[in-house]
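Chains, contacts and geometry: an overview
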Amino acid sequence: MYNQTQGTKPLSAKELSYMSDSMKNQEILMKLCVQASSGQNQQLSQFFSMMANEAFNDFNELLSCMQQHINMQHQQPMQQQSMYQ
């Protein structure tokens with residue numbers, strides 16, 4: 001889903017907000033799929049279990065990306081300070 005390269009700029013606050021919204025949607029999807037996977041039909045249970053795992057993986061990728069960009073934003077002021085000293 002996401003690969004960070006050396007030249008990547010930090011995300012804007014608006015982009016981070018969109019990512020946060022996406023993470024909330026993935027969380028809701030996970031909960032619904034877990035709930036649906038507890039049904040009587042074995043095939044549907046397996047399908048919803050698989051979908052819950054995919055939503056969980058997507059959530060973790062978004063979280064990782066967000067953490068990387070937040071770290072980039074925290075490091076950026078330090079890098080600018082060292083340029084002026």
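For the structure given in this document, a descriptive report is provided here. (Residues numbered from 1 in each chain as written. Predicted model: local features only at pLDDT ≥ 70, side-chain atom pairs only at ≥ 80, totals over all residues. Heavy atoms only, no water.)

**Notes on the overall build of the protein chain**
For clarity, the cut-off: Secondary structure elements follow DSSP: runs of H or I of four or more residues count as helices, runs of E of two or more count as strands, with numbering from the N terminus. Throughout, a residue-residue contact means that at least one pair of heavy atoms, one from each residue, lies within 4.5 Å. Surface accessibility in these figures is a Shrake-Rupley result with a 1.4 Å probe; residues are shielded only by whichever protein chains are displayed.
Along the protein chain, the regular secondary structure elements total 2 helices and 0 strands. Restricting the contact set of the protein chain to residue pairs at least 6 apart, pairs at least 24 apart contribute 76%. Accessible surface for the protein chain amounts to roughly 6700 Å². Of this, 53% is attributable to carbon and sulfur atoms.

**Some points on the packing of aromatic side chains**
Describing an aromatic ring pair means giving the distance of the ring centres and the angle of the ring planes. Basically, it comes down to this: Put simply, two rings from Phe, Tyr or Trp (the six-membered ring, in Trp's case) pair if the centres are within 6.5 Å, and we call them stacked under 30 degrees between planes, edge-to-face over 60, tilted for the rest.
Within the structure shown, the criterion is met by 1 aromatic pair. Ring centres of F47 and F48 lie 5.3 Å apart, and the angle between their planes is 70 degrees; this geometry places the pair in the edge-to-face category.

**Describing the side chain of Q26**
Positionally, Q26 belongs in helix 1 (residues 13-36). Once residues within four sequence positions are removed from consideration, Q26 is found in contact with A55, D58, F59 and L62.

**Looking at helix 1**
Filter applied, for reference: For a helix, the expected span equals 1.5 Å multiplied by the number of residues minus one. Only protein chains enter the area calculation, which uses a 1.4 Å probe; residues under 20% of their type maximum are buried, those over 50% are exposed, and those in between are partly exposed.
When the terminal C-alpha atoms of helix 1 are compared, their 35 Å separation across 24 residues agrees well with the 34 Å that a helix rising 1.5 Å per residue should span. The set of residues buried in helix 1 consists of L16, M19, M23, Q26, M30 and C33.

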